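# Topology and contacts: notes
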Amino acid sequence: MKVIVDQHKCVASSQCVLTAPEVFDQREEDGVVVLLTETPPDHLMGDIRQAAVLCPAQAIWVAEQEKAEQEEQEGEQ
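Report on the accompanying structure. Since the model is a prediction, treat every value here as computed from it, not as a measurement.

### As for the overall build of the protein chain
When helices and strands are counted, the protein chain shows 3 helices and 4 strands. Secondary structure elements in the protein chain, listed N-terminal to C-terminal, are β-α-β-β-α-β-α. By the burial criterion, 27% of the 77 residues in the protein chain qualify as buried. For the protein chain, the share of sequence-separated contacts (at least 6 apart) that also reach a separation of at least 24 residues comes to 55%. Accessible area for the protein chain stands at about 5200 Å²; split by element, carbon and sulfur atoms hold 45% of it.

### Regarding the side chain of Thr19
Locating Thr19 in the fold gives a position in helix H1 (residues 15-19). A distance of 2.7 Å separates a polar atom in the side chain of Thr19 from the backbone oxygen of Gln15. The contact partners of Thr19, leaving out residues within four places of it in the chain, are Asp47, Gln50, Ala51 and Leu54.

### Concerning the environment of Asp42
Mapped onto the fold, Asp42 is located in the loop between strand S3 (33-35) and helix H2 (45-54). For Asp42, a relative accessible area of 58% corresponds to the exposed category. The spacing of Asp42 and Met1 is 41 residues in sequence and 8.0 Å in space, taken between C-alpha atoms.

### Comments concerning the pattern of salt bridges
A complete count under the given rule lists 4 salt bridges for this structure. For Lys2, the salt bridge is made with Glu38, and the minimal N-O distance between the two is 3.9 Å. Pair noted here: Lys2 is in strand S1 (residues 2-5) and Glu38 is in the loop between S3 and H2, with a separation of 36 residues, a long-range link. We classify Lys2 as partly exposed; its relative accessible area is 37%. Glu38 sits in the partly exposed class, given a relative accessible area of 43%. A salt bridge links Arg49 to Glu64; the nearest nitrogen and oxygen atoms lie 2.9 Å apart. Of this pair, Arg49 sits in helix H2 while Glu64 sits in the loop between strand S4 (60-63) and helix H3 (65-76), and the two are 15 residues apart along the sequence.

Each value, and the rule that gives it
Residues numbered from 1 in each chain as written. Predicted model: local features only at pLDDT ≥ 70, side-chain atom pairs only at ≥ 80, totals over all residues. Heavy atoms only, no water. Helix = DSSP H or I, 4+ residues; strand = E, 2+ residues; numbered from the N terminus. Buried < 20%, exposed > 50% of the residue type's maximum accessible area, 1.4 Å probe, protein only. Contact = heavy atoms within 4.5 Å. Areas by Shrake-Rupley, 256 points an atom, 1.4 Å probe, with all protein chains shown as cover. Polar contact = N/O pair within 3.5 Å; in protein donor to acceptor, adjacent residues only side chain to side chain. Salt bridge = Lys/Arg side-chain N within 4 Å of Asp/Glu carboxyl O.

Structure follows, in structure tokens:
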């Protein structure tokens with residue numbers, strides 16, 4: 001799983017930092033989101049998904065492409 005943020009869409013509401021401080025931070029000068037790790041541990045994924053839902057600018061995505069591709073390949077075998 002991979003976390004993706006769009007700093008241009010961010011409105012500095014701090015919801016992501018409050019929800020998953022291990023993964024998100026904010027720039028001092030303007031409060032825009034800073035991604036601390038693109039591939040956080042699985043145990044944080046619930047918090048990260050919640051941060052994505054709470055983001056008023058919809059500036060956070062969780063990409064689960066690798067897992068979906070892996071399941072698809074296993075299904076073909």
